[in-house]
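Structure at a glance
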Amino acid sequence: MALSIFKCIYCNKEYDIQEIRYRCECGDLLEVIHDLSQSIPNPNDWKKSLDGQMADIAFRRYQAVLFPSLPEDKLITLFEGDTPLYDVTHSIPRFKSIKLKHEGLNPTLSFKDRGMVAGVSWANHLGCENVICASTGDTSAAMAAYAAAAPNMKGIVLLPKGKISPEQLAQSISFGALTIGIETDFDGCMNLVQELTQKHKIYLLNSMNPVRIEGQKAIGIETLHQLNWQVPDWFVIPVGNAGNISALGKGLRELYELGIIDKLPRLAGIQTEGASPLFESFKNGYTKLVPQKAKPTKASAIQIGDPVSYKKAIRELKHFDGVVEAVSEKELMDWKAQIDRLGISICPNSSVAVAGAMKLNRDGVIKENEDVVVILTAHGSKFSNTSVEYHKNSVNQFANQTHTIPPNLKNLESVLNL
Ligand SMILES: [Zn+2]
């Protein structure tokens, strides 16, 4: 077979990887399939060769398993990856070990950079000078940054009018993406993106593009490399559109098939109680997905009622004996505060996964003698208002604009209990 192809996850129809295509003719999702026996003829030699390459960027280091078809000179990188794997077992002594893989320490402060290095590089390879996505948050920031880093590439971002905060706008505007407010909601923007990309040579970089998944596989692969290929019992990850858990599963599956790892971890996908279509589907044995009207949550990046990558995600969950859980707003914000207090700044979407790990531990699903890795998806700085609001009545109340003190020593001593 060719080194890489597109294959439909439903009808198995195959397409040339060089074709600009986002969905199968039958309408279902595509995925990228590589013949890894070509790119990695000897898995043991490949594994050994990695140790001499830690100075290289993550995408290039793992490219033979991530996306071997991408020509080397087409790579557009901002030195994403090599994110820290924090061991917080001493602070949270509920497991044999618990480590946090902080994807918020990527160039645009979210895990989306891992997929965009693949997506934008592939657009560069295909000669597309315009790339587009509909988004209000991390996806547009990442796409805009990588488009800016590419020669002769323009990023276009469609945003639903009136649902955009300055924080969310700042990155895509400053990276130079043409940012257009549309008088509709997110789905309306998404429909326009699809219509436009069918008609014009503008490359679509929303999560239905299967190439992005290939870049995101690096998160799990790099984690295992950091663990010297010792596979933990669990990977715990937040779930919104379900692309990230699909990528994690696909990457680990491919490593296992190559014999790079000798066991499979279990996967736990975590949602919020108000946006939990995958959790409901898990409870009914994945018999069907009932789309929800997702309720507002502090974890706004995963406020999604009809996940695009649902079918891919349940395939991985079944393969990895996975579970799905949902957590409350209080649980996720309390755990965000606890992780922040360790000096590790995380977003509310990431803390959904942390809170989920604790809930699964309490319910006896994740046991005390097990090794756990939690994937954190973005940095706390993307959600600064959330933190200020959470702490406004706490010990830090004097930081609040409405709780200041007059400038004299006595008052300061009194606040400091001196
Ligand atoms: Zn198909």
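Small disclaimer: the values here were computed from a predicted structure and weren't measured.

What about the overall build of the chain?
- Assigned secondary structure in the chain consists of 17 helices and 13 strands.
- Against the compact-globule benchmark of 22 Å for 418 residues, the chain has a radius of gyration of 22 Å, which places it among compact chains.
- Each principal axis of the C-alpha distribution contributes one length, and for the chain these read about 75 × 50 × 45 Å.
- Here the chain, with 418 residues, has 56% of them falling under the buried criterion.
- Accessible area of the chain: about 18,100 Å², with a carbon and sulfur share of 50%.
- Counting 44 positive and 46 negative side-chain charges, the chain places the centres of these two groups 3 Å from one another.

Quick word on the sheet that holds strand β6 (residues 130-134)
- The strand order across the open sheet built from four strands is β8-β7-β6-β9, with neighbouring strands paired in parallel fashion. Strand pairing shows two members of the sheet lacking a second neighbour, β8 (178-182) and β9 (203-204), which therefore form its edges.
- Sheet topology places β6 next to β9; two bridges connect them, and they run parallel. For I132, the partnering residue across the bridge sits in β9 and is L204.
- Lying over the sheet, helix α8 (residues 186-199) contacts β6, β7 (154-160), β8 and β9, oriented at roughly 155° with respect to β6.

Looking at the sheet that holds strand β3 (residues 30-34)
- Strand order in the open sheet made by the three strands is β2-β1-β3, with antiparallel pairing throughout. The strands lining the two open edges of the sheet, one partner per strand, are β2 (14-16) and β3. Averaged over all adjacent pairs, the angle separating strand axes in this sheet is 35°, with direction ignored.
- Relative to β2, strand β1 (residues 4-8) runs antiparallel, the two being bridged by three bridges. Residue pairing in the sheet places I5 in a bridge with D16 of β2.

Examining the domain arrangement of the chain
- Its domain assignment divides the chain into domain 1 (85-109 + 212-390) and domain 2 (129-201).
- Taken together, the nine residues of domain 1 in the interface contact nine residues of domain 2.
- When the area that domain 1 buries against domain 2 is broken down by residue, the three leading residues are T108, R212 and K382, summing to 65%.
- Between domain 1 and domain 2 we count one salt bridge in total.
- One salt bridge in this structure joins K382 and D138, with 2.9 Å as the shortest N-O distance.
- Scanning the region where domain 1 abuts domain 2 turns up three residue pairs in polar contact (both at pLDDT 80 or more).
- Residues belonging to the side of domain 1 that touches domain 2 are distributed by class as follows: three nonpolar, four polar and two charged.

Topic: the coordination of the zinc ion
- For the zinc ion, the full set of protein donor atoms is C8 (SG), C11 (SG), C24 (SG) and C26 (SG), at a range of 2.3 Å.
- Geometry at the zinc ion is tetrahedral, judged from the four donor atoms that bind it and their angles of 103 to 122° at the metal.
- Along the chain, the residues donating to the zinc ion are arranged with the sequence spacing C-x2-C-x12-C-x1-C.

Re helix α13 (residues 310-319)
- For α13, the full list of buried residues reads Y310, K312, A313, I314, E316 and L317.
- Contact partners of the buried residues in α13: β3, α9 (210-216), α11 (243-258), β11 (266-272), α12 (277-283) and β12 (323-327).
- Looking one or two residues past α13, D321 carries a phi angle of roughly 50°, positive in sign.

Considerations on the side chain of S135
- Relative to the helices and strands, S135 is located in the loop between β6 and α6 (138-149).
- For S135, the side chain forms a polar contact with the main-chain nitrogen of G137, separated by 2.9 Å.
- Residue contacts for S135: discarding those within four places in its chain leaves S140, V157, L158, L159 and F186.

Conventions we followed
- All residue numbers refer to position in the chain's written sequence, counted from 1.
- Only residues with pLDDT of 70 or above have their local features reported here, since the model is predicted, and side-chain atom pairs are shown and tallied only from 80 upward, although totals for entire chains, interfaces and linings are computed over all residues.
- Hydrogen atoms and water are omitted, and side-chain values are computed over all heavy atoms in the structure.
- Helix numbering and strand numbering both begin at the N terminus, where a helix is a DSSP run of H or I of at least 4 residues and a strand a DSSP run of E of at least 2.
- This radius of gyration counts C-alpha atoms alone. The globule rule is 2.2 Å times how many residues there are, raised to the power 0.38.
- The buried label goes to any residue with under 20% of its type's maximum accessible area, the exposed label to any with over 50%, and the partly exposed label to all in between, with areas taken from a 1.4 Å probe on protein chains only.
- Only the protein chains shown count as cover for residues, and the accessible areas themselves come from Shrake-Rupley with a 1.4 Å probe.
- Neither His nor the chain ends is counted toward charge; the positive residues are Lys and Arg and the negative residues Asp and Glu.
- In this description, the location of a charge corresponds to atom NZ of lysine, CZ of arginine, CG of aspartate or CD of glutamate.
- At least two DSSP bridges between two strands are needed for those strands to be called paired.
- Contact definition: two residues touch when any of their heavy atoms are within 4.5 Å.
- The angle between two axes is taken between their N-to-C directions and runs from 0 to 180 degrees, where each axis is a line fitted to C-alpha atoms and a helix contributes only its stretch in contact.
- For each domain, the first and last residues come from an automatic or database assignment.
- Note on definitions: buried area is the accessible-area loss of two parts on being combined, 1.4 Å probe, summed for both.
- The rule for a salt bridge is simple: a side-chain nitrogen of Lys or Arg has to be within 4 Å of a carboxyl oxygen of Asp or Glu.
- Here a polar contact is recorded for every N or O atom pair within 3.5 Å, except that within protein the pair must consist of a potential hydrogen donor and a potential acceptor, and residues adjacent in sequence are included only if both atoms are side-chain atoms.
- Three classes are used: nonpolar for Ala, Val, Leu, Ile, Met, Phe, Trp, Tyr, Cys and Pro, charged for Asp, Glu, Lys and Arg, and polar for all others, with Gly counted as polar.
- Metal donors: N, O and S atoms at distances within 2.8 Å, or within 3.2 Å for Na, K and Ca, with water omitted from the atom set so that some sites may seem incomplete.
- Geometry assignment treats four donors as tetrahedral when all angles are between 85 and 135 degrees, treats four as square planar and six as octahedral when opposite donors are over 155 degrees apart and all others between 65 and 115, and treats everything else as irregular.

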